[in-house]
Amino acid sequence: MIDIIIPAYNAHDTLYKTLSSIALQTIKDKVNVYIINDCSKKNYKKEIDTFKDIFNLKEIKTKKRLGPGGARQYGIENSDSNYIMFIDADDQLYNPFVLNLLYFNMDKGYDIIIGKEVVNGIRGDYKQSNIHGKIYRRAFLKENNIKFNNTKYSEDNSFDQITRNITNNIIEINDPVYLYVENKNSLTSKKYKDQEKLTQYLYNRIYTTLELQKRNVDPVKIANILLRGYTYAYLTVKTNKSLNNNKLYKKCYRYELMFLNYEKYLSENEILENLLKRVNCSNIFANEILKDFNKFRSKFKEGKK
């Protein structure tokens, strides 16, 4: 069986489409679906009554507001099937054959099965920064004690980085399985400002690094994870004038301290190539960009003071 976990916070307007995409699955008899009610203003009885005779469906209420990551973890701890899949309450499975396709690969013993994700109807490759379009073997998560942390933003990024870097037992399927719908009214879009998003993003990169250290992951992999995070932060600060940079430096100075420990695993050319790939400019400006990036890093060092 597959446990499909749906974190839901006041998601009544979008949840019907999500559940309908599950109801259309050719092997819906193989799933247990859990709506994790994360302290919504009202329950999901109406939705349960609509779909309860079509597939196994249950609402589980959290005792306090946990956020999407905490709600997913609560769902993991209150379910028990061999395989786990996460769907957001405003997204959908791509077509009626998705679960059948994933189920076909399950008995081959993979830890993670990855399908492609479609964003707003546009075909796209799977994304390394999230958990959409993936299915996980529960025993793999349990054996490695992998959990969502309690941050409210970018926690899926952290979960994904940890799972993908501690196993090679992964298969990627060249088929779309997940329809991601950008929802401007979602909690993430409305509640968290750019300042907090970037701060929590860097926090989660630090958390990811600490978790990978515990599991003795190749330091070169960790170095690249930190570098990609640093590059993203650099470009965000350069393009977003609304950020309070001093506040960011003071809160996230630990990022620079952590990166210093792993910088030795990266050559200057590798750092430069990462920057050029993100900035998307010619090599003529390469040295200037590298100087500017190092200047950006120095601000984090100063932020500790």
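Owing to the predicted nature of the structure, the values given are computational and were not obtained by experimental measurement. (Residues numbered from 1 in each chain as written. Predicted model: local features only at pLDDT ≥ 70, side-chain atom pairs only at ≥ 80, totals over all residues. Heavy atoms only, no water.)

Student: How should I be thinking about unusual backbone geometry in this particular structure?
Tutor: Most peptide bonds are trans, and most residues other than glycine sit at a negative phi. The backbone of Asn-10 sits at a positive phi, close to 50°, despite the residue not being glycine. Secondary-structure assignment places Asn-10 in the loop between β1 (2-8) and α1 (15-23). The exposure class of Asn-10 is partly exposed, given its relative accessible area of 32%. Notably, Asn-145 is not glycine yet its phi reads approximately 50°, a positive angle. Looking at where Asn-145 falls in the secondary structure, it is placed in the loop between α5 (138-143) and α6 (155-165). (Helix = DSSP H or I, 4+ residues; strand = E, 2+ residues; numbered from the N terminus. Buried < 20%, exposed > 50% of the residue type's maximum accessible area, 1.4 Å probe, protein only.)

Student: Is there a simple way to think about the environment of Tyr-262 in this case?
Tutor: Locating Tyr-262 in the fold gives a position in helix α11 (residues 253-262). Ignoring sequence-local partners within four residues, the contact set of Tyr-262 consists of Thr-209, Gln-213, Pro-219, Ile-222, Ala-223 and Leu-226. (Contact = heavy atoms within 4.5 Å.)

Student: What's the story with the nonpolar core in this structure? I'm lost.
Tutor: The nonpolar side chains of a soluble globular protein tend to be buried, and buried together. Counting residues in hydrophobic clusters, the biggest one holds 52 residues, and the most contacted among them are Phe-86, Phe-159, Leu-202, Phe-293, Phe-296 and Phe-300. Dropping the residues within four chain positions of it, Phe-293 is found in contact with Leu-227, Tyr-230, Thr-231, Tyr-234, Ile-271 and Leu-275. By size, the runner-up hydrophobic cluster in this structure holds 33 residues, among which are Ala-8, Ala-89, Ile-113 and Tyr-178. (Core = buried A, V, L, I, M, F, W, Y, C linked by side-chain atoms within 4.5 Å.)

Student: Teacher, can you tell me more about the pairing of strand β6 (residues 112-119) here?
Tutor: Regular strands have side chains that alternate between both faces of the sheet. Within β6, eight of the eight residues are buried, which leaves the element mostly enclosed by the surrounding structure. Summarising the sheet, β6 and strand β8 (residues 134-137) pair through three bridges and their orientation is antiparallel. Within the sheet, the bridge partner assigned to Ile-114 lies in β8 and is Lys-134. (Pairing = 2+ DSSP bridges.)

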